[in-house]
Amino acid sequence: MPHTDSTTSSETDDTIDLRLRQEEEGAAQLSDERLTGAEGDGRPDLLDQISGWGPTSTPAGAFQLVPVRIGRDLRLIAQWMNDPAVAAFWELDGPDEATASHLGGQLDGDGRSVPCLGVLDGVPMSYWELYRADLDPLARYYPARPHDTGIHLLIGRVSDRGQGLGTTLLRAAADLVLDHRPSCARVVAEPDLRNIPSIAAFLGAGFRFSAEVELPDKRAALMLRDRALRHLL
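Residues numbered from 1 in each chain as written. Predicted model: local features only at pLDDT ≥ 70, side-chain atom pairs only at ≥ 80, totals over all residues. Heavy atoms only, no water.

## What about the nonpolar core?
Alright, step 1. Ranked by internal contacts, the top residues of the largest apolar core, which has 32 residues, are Ile50, Phe63, Leu65, Trp128, Leu130, Leu169 and Phe207.
Alright, step 2. Elements that contribute at least two residues to this core include exactly strand E5 (61-67), strand E6 (113-120), strand E7 (123-132), strand E8 (149-155), helix H5 (165-180), strand E9 (186-189), helix H6 (196-204) and strand E11 (218-226).
Alright, step 3. Looking at this core element by element, the count peaks at 9 residues for H5. (Core = buried A, V, L, I, M, F, W, Y, C linked by side-chain atoms within 4.5 Å. Buried < 20%, exposed > 50% of the residue type's maximum accessible area, 1.4 Å probe, protein only. Helix = DSSP H or I, 4+ residues; strand = E, 2+ residues; numbered from the N terminus.)

Now the structure itself:
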């Protein structure tokens, strides 16, 4: 089971350097770039300093959530959004501006949602959104509790899908939330009911199916990972 790395705080003040492997999709190379979060930008910190959480060990390698920077990350994330399999559920395909608007709405907002790259062994390979579910419109559709933390995920590269990697990383991300947000008792997700692979990944990662929820844009499966059950599921 993943556990938080015992790296000292001095070692994690500056987060890891990213190096993008040359990919067939044409992703740009990132090299010698320090990754830091959005702290100090004047927004409230509603998710307990994600940029300082550091990496965690998983069976697939060292995994870290790194807050997005539009100038650095837009092209890669927009490329992923234009994959038809992703666009079917995210609906952010099209020009880069569509993705930029989606990211900017979070980065310029009140801090209740933080877009992140998922970095595995130094390689950005997934996109995540961590958000305060109790402060989100989602809270109108289920019995939210204070500090419920929501997760959205997409696996970027086609070659990384269908191998159980989503399950591994969802468990790791949920553990990061529970380790670094002591006030959070539950991690919440609401995948589209049509997205059977996504629901299966959440179940494999220790989430439980709670209810079907009719949201404005989809019928969703409400998935919960409870702090009290994290070592049992």
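## Points about the environment of Leu154
Alright, step 1. With respect to the helices and strands, Leu154 occurs in strand E8.
Alright, step 2. Given the relative accessible area of 4%, Leu154 is considered buried.
Alright, step 3. Separated by 29 residues in the primary sequence, Leu154 and Met125 have C-alpha atoms spaced 9.0 Å apart.
Alright, step 4. Those residues within four positions of Leu154 in sequence are excluded, and the remaining contacts are Trp80, Met81, Val86, Trp90, Ser126 and Tyr127. (Contact = heavy atoms within 4.5 Å.)

## With respect to helix H2 (residues 70-81)
Alright, step 1. Between its first and last C-alpha, H2 extends only 14 Å over 12 residues, short of the 16 Å set by a 1.5 Å rise per residue.
Alright, step 2. A large share of H2 lies buried, amounting to 9 of its 12 residues.
Alright, step 3. Along H2, the positions that sit buried rather than exposed are Arg72, Asp73, Leu74, Leu76, Ile77, Ala78, Gln79, Trp80 and Met81. (Expected span 1.5 Å × (residues − 1).)

## With respect to the pattern of salt bridges
Alright, step 1. A complete count under the given rule lists 16 salt bridges for this structure.
Alright, step 2. For Asp175, the salt bridge identified is with Arg230, shortest N-O distance 3.0 Å. Of this pair, Asp175 sits in helix H5 while Arg230 sits in the segment after E11, and the two are 55 residues apart along the sequence.
Alright, step 3. The residue Asp226 makes a salt bridge to Arg208 at a minimum N-O spacing of 2.6 Å. Taken as a pair, Asp226 in strand E11 and Arg208 in strand E10 (residues 208-215) lie far apart in primary sequence, 18 residues in all.
Alright, step 4. By relative accessible area, Arg208 is classed as partly exposed at 31%. (Salt bridge = Lys/Arg side-chain N within 4 Å of Asp/Glu carboxyl O.)

## Describing the packing of aromatic side chains
Alright, step 1. This structure, assessed with the given rule, holds 3 aromatic pairs.
Alright, step 2. Relative to Tyr127, the ring of Trp90 lies with its centre 5.6 Å away and its plane at 65°, an arrangement referred to as edge-to-face. Of the two residues, Trp90 sits in helix H3 (residues 84-90) while Tyr127 sits in strand E7, which places them 37 residues apart along the sequence. For the residue pair Trp90 and Tyr127, the accessibility class agrees, reading buried in each case.
Alright, step 3. With 5.0 Å between their ring centres and 80° between their planes, Phe202 and Phe207 make a pair best called edge-to-face. Across the pair, Phe207 and Phe202 agree in class, each one buried. (Phe/Tyr/Trp six-rings, centres within 6.5 Å; stacked < 30°, edge-to-face > 60°.)

The values reported here are purely geometric and, on their own, carry no functional implication.
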